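# Observations on the three-dimensional arrangement
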Amino acid sequence: MKRLLFLCFSAMTAMMSMAQPQPGYYVSSALDGKNGRGLELALRDIIYPHTRISYGELWNSYVTTDTAPTDSVPDGCTKTDLVYDMYAWMQYFPKFHSDNDHSQTGGINREHSVPNSWWGGENGNAEAYTDLHHLVPADGAANNVKSNYPLGEKTENDGLTLSWPTQDKYHNGHLYVSKDHVCSRVWNVPPDMQENFGDAAKVWEPADIYKGDFARMYLYVVCAYEGEIHWQTNYMFTSDNQNLTTIKPWALELLLRWHRNDTVSQKELDRNNAVEDIQGNRNPFIDYPELVEFIWGDMISEEFDLGKAKCSYGELPYSVDENKNDDFFAYQNGNSLIINAEGTVQVIDMMGRILINENVFTNRIDISYINKGVYIVRVIGRDVMTQKIVVR
């Protein structure tokens, strides 16, 4: 059943191209005073609703979300058709598509950073299955050997042994590179240590420069899909009878450490903006990294205050105050949106496109044909009133 969560919206400018969170995307009234599970669920109500793209559309999406900058490319590569490869090579990979080829020259796959088999794939949750916030381009061979192993990390004298890569040279689909330049590792976990890694026999370790990226992707999936997916593979996460997630202690320690040690990069900032342009939602742990601490970390007993939180994009040039028109309200009744104001009603998507533009004098408009996602309702009458709505 669709549900509407009503949040305030303070401005409608610059919707087509944002270098930071949309004005009103995060609001004090929804988040302030919360911590732990309460704060996580408040964030979920903001970030879960989004425009779902198809699995096939991922290729075109990568053109804007993951295309490598052209001012610096590896030897042997051209300056076109390159995407970031966070799995096999430290920087870039030729952009061509070969999902079913896992050989050394197999090309790029569409990879679920959080393995989709853990929650039942597309049948378990179709939105998570194509959510760009954790679906990235990945070298086919690296993706294949990563399998559905949990994250892990080798430390000195811990007994883990290298499973992949083992060859002296590795062909990334375009040219040979030393295995030292293959940025991820798969480790064998000895039986007497497997309980330290969720009973996994192997773990996957990304490069240090991407550990924070992956930690924030994993935490995004946990938060965005609370109550929506059931964890069927329990290496890192378990579900209760309400499909709320518990992160296993060993996994939480790892994710928190990676999040803290590898801070948000410009690559993540740019990708977060690009994904929002396509899906209409954001990864809050990129925007406000300290949210992680208030939900799972050292500040879990303290109350979050959006006005005091540090945004990765700098100070936001808008207010987080609620809509000052206290009399304006809207709610869903079946396939209709009920509002208590008369005038011209506009329903606008997060790309700035006006989907509905009607003169309303019956306080009711049909929204049956609107997909789940984030929208702005603007009523132009004696006053101009705007409100952000999330259609679920």
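Computed from a predicted model, the values in this text were never measured in an experiment. (Residues numbered from 1 in each chain as written. Predicted model: local features only at pLDDT ≥ 70, side-chain atom pairs only at ≥ 80, totals over all residues. Heavy atoms only, no water.)

If you look at the biggest cluster of nonpolar residues, it comprises 76 residues, and the most contacted ones within it are Met236 and Trp296. Among the elements that take part in this core, helix α7 (residues 208-224) stands out by supplying eleven residues, more than any other. Of all hydrophobic cores here, the second largest spans 14 residues; its members include Val360, Ile367, Ile370 and Val379. (Core = buried A, V, L, I, M, F, W, Y, C linked by side-chain atoms within 4.5 Å. Buried < 20%, exposed > 50% of the residue type's maximum accessible area, 1.4 Å probe, protein only. Helix = DSSP H or I, 4+ residues; strand = E, 2+ residues; numbered from the N terminus.)

Turning our attention to unusual backbone geometry. A cis amide bond links Trp164 with the next residue in sequence, Pro165, at an omega value of -5 degrees. Along the polypeptide, Pro165 turns up in the loop between β6 (161-164) and β7 (169-171). For Asp199, which is not a glycine, the phi torsion comes out positive at approximately 70 degrees. The residue Asp199 is located in the loop between β9 (185-188) and β10 (202-205) in this model.

Evaluation of the coordinates by the stated rule reveals three cavities of 30 Å³ or more. Here the largest cavity is characterised by a volume of approximately 120 Å³. Considering the residues around the largest cavity, the lining is formed by His133, Asp213, Met217, Lys267, Glu268, Arg271, Asn272, Val275, Asn283 and Ile286. Only α7 and α9 (266-279) provide two or more residues apiece to the lining of the largest cavity. Classifying every residue of the lining of the largest cavity gives three nonpolar, three polar and four charged. (1 Å grid on protein atoms, 1.4 Å probe; cavity = no way out; pocket = protein on both sides within 12 Å on 5 of 7 lines; lining within 4 Å. Points joined across faces, edges and corners; volume = space filled by probe spheres on them. Nonpolar A, V, L, I, M, F, W, Y, C, P; charged D, E, K, R; others polar.)

Here the focus is the confidence of the model for the protein. For the protein, mean pLDDT is 80; residues scoring 70 or higher make up 73% of the total. Element-level mean pLDDT values for the protein span from 30 in strand β1 (residues 4-8) up to 98 in helix α11 (residues 291-295). In the predicted structure, residues 1-18 sits below a pLDDT of 50 and forms 67 contacts with residues beyond four places in sequence or in another chain. Scored below 50 in pLDDT, residues 316-324 makes 21 contacts in the model with residues more than four places away or belonging to other chains. (pLDDT = per-residue confidence, 0-100. Contact = heavy atoms within 4.5 Å.)

The three strands lie next to each other as β6-β9-β10, forming an open sheet whose pairing is antiparallel. This sheet does not close on itself; its edge strands, each paired only once, are β6 and β10. Each strand of the sheet is rotated relative to its neighbour by a mean of 40 degrees, with strand direction disregarded. When β9 meets β10, the two strands line up antiparallel, connected through four bridges. In the sheet register, Asn188 faces β10, and the bridge partner there is Lys202. (Pairing = 2+ DSSP bridges. Axes fitted to C-alpha atoms, helices over the stretch in contact; angles between N-to-C directions.)

Moving on, we come to the packing of aromatic side chains. The tally for this structure, following the rule as stated, stands at 16 aromatic pairs. Aromatic side chains Tyr48 and Tyr225 sit 5.4 Å apart centroid to centroid with 85 degrees between the ring planes, which places their arrangement in the edge-to-face category. Separated by 177 residues along the polypeptide, Tyr48 in the loop between α2 (36-47) and α3 (58-65) and Tyr225 in the loop between α7 and β11 (237-239) bring together distant segments of the chain. Tyr48 sits in the buried class, given a relative accessible area of 7%. Seen from their ring centres, Tyr218 and Phe237 are 6.4 Å apart, and the 50 degrees between their planes marks the pair as tilted. One end of the pair, Tyr218, is in helix α7; the other, Phe237, is in strand β11, and 19 residues separate them in sequence. Connected via pairs of aromatic rings, a cluster forms that spans Trp118, Tyr218, Trp231, Tyr235 and Phe237. Its end group placed over the ring of Tyr84, Lys267 keeps NZ or CZ at 4.8 Å from the ring centre. (Phe/Tyr/Trp six-rings, centres within 6.5 Å; stacked < 30°, edge-to-face > 60°. Lys NZ or Arg CZ within 6 Å of the ring centre and 35° of its normal.)

Of note, Leu160 is situated in the loop between α6 (140-146) and β6. When the C-alpha atoms of Leu160 and Asn188 are compared, they prove to be 5.5 Å apart, with 28 residues separating the residues in sequence.

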